[in-house]
Amino acid sequence: MQIRIRPVLGLMIAFCALWCAQVSEAQEMRTWTDSTGKFKLQASYVSHDGSKVTLRLADGKEMKIEIRKLSAADQKYVAKAKDENPFKPADDNPFEAAGEMRRVDDIDLRSARLIGVTSDGWNLTLPQPAEAQSFKSVPLPEKRHFFDGMKQVLVRPEARRALVSRFLSPPVSKREDQSTHLMLCDLENGRIVAQCTAVGPVTPLAIHPDGEQVLVRIPVDRQADQVELWTIKGNGYQPTLAFTPYEKDCVWAEFLDEQRLVSISESGQLVFWDLAAVKPTASFSMAGSTTPALSFDHKWLAFCTGDKVGIIDTDRQEVVAVTDAPGRIHFPRMAFSPSASRLAVGSQQRLMVFDVQNGNLYRDITPEGIHIFTGLSFPDDDFVLGGGKYLIELENQIKLWEYDMGPVDCVGTTMAIGTSNALVIGKMPHKTALDMLAKAKTDPDLFVFREGTRVKLDLNGIPAADRSSVETALTERLRKMNCTVDQARGTITAVASVEGPKAKKVQFIADGTYDVQEYISKLSLNYNGKPAWQTQTTNIPHFVSVPSDDNLANVLKRASEKPNYGFFGSVALPRFVQQPTGDGRAGSGQTLGKSSVDSSGLR
């Protein structure tokens, strides 16, 4: 017996020594370096909360540093240091000794400072690009029931966490028969670290920077939803805070840091919160049903009021850039590109992309045949994902790919996709789509309009007195693409038209409101009688340069006298227009390719 015991005892002693050495390693003095490489200090690791790390100096003093400001090597060290002891016993009831939930009922939104829409124009300096994260996909448990459906995915890259929600709702069920299953995922190690099940429909809104708390919305009555902060641990959850931020639904929220939150209501009321005091600090009015966008570093928040698009500095809580929208925008969905150099705004069947440095409109696309209004993501600086499934290439305005997949969330370079049995970390566009894109550009039959196409002109929508000038302008514009006007053999028709005038009031920042007469100039490329591509503009300028011997009122009065015919000579024609296929319904063969996303990834 002694012979058998000794090796095991020796193994246990060796294991304990190894474990103690690892603990000691996490507490050893080491050199820490900032992200620029200019500053260094000697300190030992103490702890971190998901966004800040606590370090202990040689004299015993402690200091906190934002993790994002550390070098990549130090960020990995911090992540490794927080890894839980894998031999710690599971705690099925981690909240046995937890305190009661704090409830705040006396919230007065009128106490918040109102943010004005004015700014000094648009001139922003882009942030440093987000570092690409090497994250792992996470296996998920099988569905519990036929009616157990994947509902939502949220990702918080700096906390290395994602949250997956499933909703079980049997047919003809009461609320008590419904349940929401939340799974908190560790993206660095590819596993579920905590999960819980709650009665009824629960909608996750945001993941806290510590990677353990989540903000959720719970329906209370027909008037308003309650927002709660939950800590998810083991197989349970503990509500620690509850409040009702609006008289009606809170539809979107995000943590700016550990103590600051921003949210928006269905009606478009944006509110910044001091979460420790549960107090609104500032508010701003957007268009109703707006989904705003945050840059990957949470420093910029993009907004849309319906007639204006701009950016709020979240630290100053002030508008720092604003421009007139190219026409009224309804129900806007917004997203920053991974580098924050571009801002996408989706509205019904229209996709607008702005250059974030100067506010200029980079692309204005009407992607016929696909629905993009249900959601918007920006997985790559050159590609936008609309409707949670359609990938649009921006340079040539090509409807590239359709992905059959579950809910998706994209922050910076991290894209998380929910499937029935996995949370997939992927990249769009995937290789197959890029290969197809390269091939398509040389396929003579795929595009109905490209360089060298013969084009018919339809100018019936232009007043007779102005048709000659519009014809000359369009002919010259087409000539620059080696396209010829051929009324007999043209394979696609360029349809030019003008609508108006219509009385309208326009407001210029710091210059007041003016009455104008608005004309809309339109151009579409029609194939077999249906628009394959179209764009439009107005005669009322978004930016006005007023000579020193003139005034804004006179400039707008002259602009109101006639349509913007100069548009037809300067319009940016697409390099490629795809041939519509199928029966014309949304998604019916409108993209170059289609594939599904499952646990094996993007195919």
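Residues numbered from 1 in each chain as written. Predicted model: local features only at pLDDT ≥ 70, side-chain atom pairs only at ≥ 80, totals over all residues. Heavy atoms only, no water.

Caption draft 1: Representation of the sheet that holds strand S36 (residues 454-461). If you walk across this open sheet you meet the five strands as S37-S36-S38-S39-S40, and the pairing is mixed. Only two strands of the sheet have a single neighbouring strand rather than two, namely strand S37 (484-485) and strand S40 (530-538). Bridging between strand S39 (residues 512-527) and S40 involves eight bridges; their strand directions are antiparallel. Across the sheet, Leu-523 pairs through a bridge with Thr-535, a residue of S40. In the packing of helix H4 (residues 467-479) onto the sheet, contacts are made with S36, S37, strand S38 (492-508) and S39, and the angle to S36 comes to roughly 155 degrees. Where helix H5 (residues 552-559) meets the sheet, it contacts S38 and S39, and its direction lies at approximately 35 degrees from that of S39. (Pairing = 2+ DSSP bridges. Helix = DSSP H or I, 4+ residues; strand = E, 2+ residues; numbered from the N terminus. Contact = heavy atoms within 4.5 Å. Axes fitted to C-alpha atoms, helices over the stretch in contact; angles between N-to-C directions.)

Caption draft 2: Structural detail: H5. What H5 keeps buried is the set Leu-552, Val-555, Leu-556 and Ala-559. Seen from one end, H5 has its buried residues packed into an arc of 95 degrees, which puts them on one side. Next to the buried residues of H5 lie S38 and S39. A distance of 3.2 Å separates the backbone nitrogen of Ala-553 from a side-chain oxygen at the start of H5, and that oxygen is part of Asn-551. (Buried < 20%, exposed > 50% of the residue type's maximum accessible area, 1.4 Å probe, protein only. Arc of directions from axis to C-beta. Polar contact = N/O pair within 3.5 Å; in protein donor to acceptor, adjacent residues only side chain to side chain.)

Caption draft 3: Seen up close, the pattern of salt bridges. Within this structure, the stated rule accounts for 26 salt bridges. Across the pair Asp-315 and Arg-260 runs a salt bridge whose closest N-O atoms are separated by 3.1 Å. Here Arg-260 lies in strand S17 (residues 260-265) and Asp-315 lies in the loop between strand S22 (308-313) and strand S23 (318-324), a separation of 55 residues in the sequence. Since its relative accessible area comes to 45%, Asp-315 is described here as partly exposed. Sharing partners across several salt bridges, the network here consists of Asp-257, Arg-260, Lys-299 and Asp-315. (Salt bridge = Lys/Arg side-chain N within 4 Å of Asp/Glu carboxyl O.)

Caption draft 4: Layout of helix H3 (residues 431-440). Here H3 has its buried residues at Ala-433, Leu-437 and Ala-440. Seen end-on, H3 carries its buried residues on one side only, within an arc spanning 70 degrees. Turned more than 90 degrees away from the buried face of H3, the exposed residues are Lys-431, Ala-438 and Lys-439. Packing partners of the buried residues in H3 comprise strand S29 (383-386), strand S30 (390-393), strand S31 (398-404) and strand S35 (447-449).

Caption draft 5: Quick look at the sheet that holds strand S1 (residues 29-33). Read across the sheet, four strands follow the order S1-S2-S3-S4 without closing on themselves; strand pairing throughout is antiparallel. Edge positions in the sheet fall to S1 and strand S4 (62-66), since each has one partner strand and no second. Taking the axes of each pair of neighbouring strands and ignoring which way they run, one obtains an average angle of 55 degrees across the sheet. When strand S2 (residues 40-48) meets strand S3 (residues 52-56), the two strands line up antiparallel, connected through four bridges. Looking at S3, one finds that His-48 is bridged to Val-53.

Caption draft 6: Representation of the pairing of strand S34 (residues 422-426) within the structure. Most of S34 is tucked away: four of the five residues are buried. Pairing of strand S33 (residues 414-418) with S34, which is carried by four bridges, proceeds in the antiparallel orientation. The residue of S34 that forms the bridge with Ala-416 is Ile-425. Linking S33 to S34, which pair antiparallel, is a turn of three residues.

Caption draft 7: Highlighting the confidence of the model for the chain. Residues with a pLDDT of 70 or more make up 88% of the chain, whose mean pLDDT is 85. The low-confidence segment residues 1-26 (pLDDT under 50) makes five contacts with residues lying over four places distant or belonging to another chain. This stretch, residues 582-588, has a pLDDT under 50; its non-local contacts, to residues over four places away or in other chains, come to 15 contacts. (pLDDT = per-residue confidence, 0-100.)

Caption draft 8: Region of interest: the environment of Phe-39. Along the chain, the position of Phe-39 falls in the loop between S1 and S2. A residue is classified by how much of its surface remains accessible, and Phe-39, at 57% relative accessible area, is exposed. The sequence separation of Phe-39 and Leu-70 amounts to 31 residues, and the corresponding C-alpha distance is 9.8 Å.

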